[in-house]
Amino acid sequence: NAGVTQTPKFQVLKTGQSMTLQCAQDMNHEYMSWYRQDPGMGLRLIHYSVGAGITDQGEVPNGYNVSRSTTEDFPLRLLSAAPSQTSVYFCASRGGLAGYNEQFFGPGTRLTVL
Amino acid sequence: SQQGEEDPQALSIQEGENATMNCSYKTSINNLQWYRQNSGRGLVHLILIRSNEREKHSGRLRVTLDTSKKSSSLLITASRAADTASYFCATAASGTYKYIFGTGTRLKVLA
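Here goes a summary of the coordinates provided.

What counts and what doesn't
- Residues numbered from 1 in each chain as written.
- Chains lettered and ligands numbered in written order.
- Predicted model: local features only at pLDDT ≥ 70, side-chain atom pairs only at ≥ 80, totals over all residues.
- Heavy atoms only, no water.
- Pairing = 2+ DSSP bridges.
- Helix = DSSP H or I, 4+ residues; strand = E, 2+ residues; numbered from the N terminus.
- Axes fitted to C-alpha atoms, helices over the stretch in contact; angles between N-to-C directions.
- Core = buried A, V, L, I, M, F, W, Y, C linked by side-chain atoms within 4.5 Å.
- Buried < 20%, exposed > 50% of the residue type's maximum accessible area, 1.4 Å probe, protein only.
- Contact = heavy atoms within 4.5 Å.
- Disulfide = S-S within 2.5 Å.

This part takes up the sheet that holds strand β7 (residues 61-66) of chain B. Residues and elements named next belong to chain B. Strand order in this open sheet of five strands is β1-β3-β8-β7-β6, and the pairing throughout is antiparallel. Looking at strand neighbours, the two that pair on one side only are β1 (5-7) and β6 (55-58), the edges of this open sheet. Across this sheet, the average inter-strand angle for adjacent strands is 15 degrees, counted without regard to direction. Taken together, the six bridges between β7 and strand β8 (residues 71-76) define a ladder with antiparallel strand orientation. Paired with Leu61 across the bridge in β8 is Ile76.

Quick look at the structure:
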């Protein structure tokens, strides 16, 4: 199993540009989520999904869209990038919805918005 | 706002010493998880403790949970240089699916 994969690893955008961060998992996990990590802030939940076709907002959803058309994929879209979105983005997945399982994290995407 | 707050924010100890870090949270929870993050990498799950458990062990790790105080502690015994990392607690409020992370403790173990 590849686990949780994320692409790209690094990305530089200009203010106003849009892009999609890709996340995929091959463990057939129902739950997937996106976090951003800023220095000294820990991880903050952006959006999450409990299955194909079902998504919901986390702590900091503004400026981001998600969709879940398949169990495996959970892309994160930045609609109009802003310097405040400069961060490291992590995707995670978890088997089962009851919450008694560990989350598996991808390696992260380091995004810089100029 | 973040659900969990760890303290201390940073901790520096000598190899062989024990390291203790604490996590406080705000709402009723189903369980609490601890994760480790090596510099610039993704998080790795360490241990999960359910709300009806008070203590759990895994190797050199010992986790306690006090639901009346809404707090947890992680003890790493006989620390090694390889334990140098950031440690985070994560909780999901009862009845929700989403895990919220604390701000983390940066541990440095000096050889």
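The next point concerns the nonpolar core. All names here are of chain B. Membership of the largest hydrophobic core comes to 21 residues, with the highest contact counts inside it found for Met21, Leu32, Trp34, Leu74, Ile76, Tyr87 and Leu107. For this core, the elements supplying multiple residues, two or more each, are β3 (19-24), β4 (29-37), β5 (43-50), β7, β8, β9 (85-93) and β11 (105-110). The contact partners of Tyr87, leaving out residues within four places of it in the chain, are Glu6, Met21, Tyr35, Arg36, Leu46, Leu74, Ile76, Gly104, Thr105 and Leu107.

Before going further, it helps to examine the environment of Gly42 of chain B. When you line up the elements, Gly42 of chain B lands in the loop between β4 and β5. Look at Gly42 of chain B and you get buried, because its relative accessible area is 15%. When the C-alpha positions of Gly42 of chain B and Cys23 of chain B are compared, they lie 20 Å apart, and in sequence the two are 19 residues distant. Ignoring sequence-local partners within four residues, the contact set of Gly42 of chain B consists of Phe90, Gly106 and Pro107 of chain A together with Arg36 and Gln37 of chain B.

Another point: the state of the cysteines. Taken as a whole and assessed by the stated rule, the structure comprises two disulfides over all chains. Across the disulfide, Cys23 of chain A is cross-linked to Cys91 of chain A (sulfur-sulfur distance 1.8 Å). Disulfide Cys23 of chain A-Cys91 of chain A: the torsion about the S-S bond is -70 degrees, which places it as left-handed. Here Cys23 of chain A is found in strand β3 (residues 19-25), whereas its partner Cys91 of chain A is found in strand β9 (residues 87-94), with 68 residues between them in sequence. The disulfide partner of Cys23 of chain B is Cys89 of chain B, and the gap between their sulfur atoms is 2.0 Å. On the sign convention where negative means left-handed, the S-S torsion of about 65 degrees between Cys23 of chain B and Cys89 of chain B marks this disulfide as right-handed. Linking Cys23 of chain B in strand β3 with Cys89 of chain B in strand β9, this pair joins segments that are 66 residues apart in sequence. With respect to burial, Cys23 of chain B and Cys89 of chain B carry one shared label: buried.

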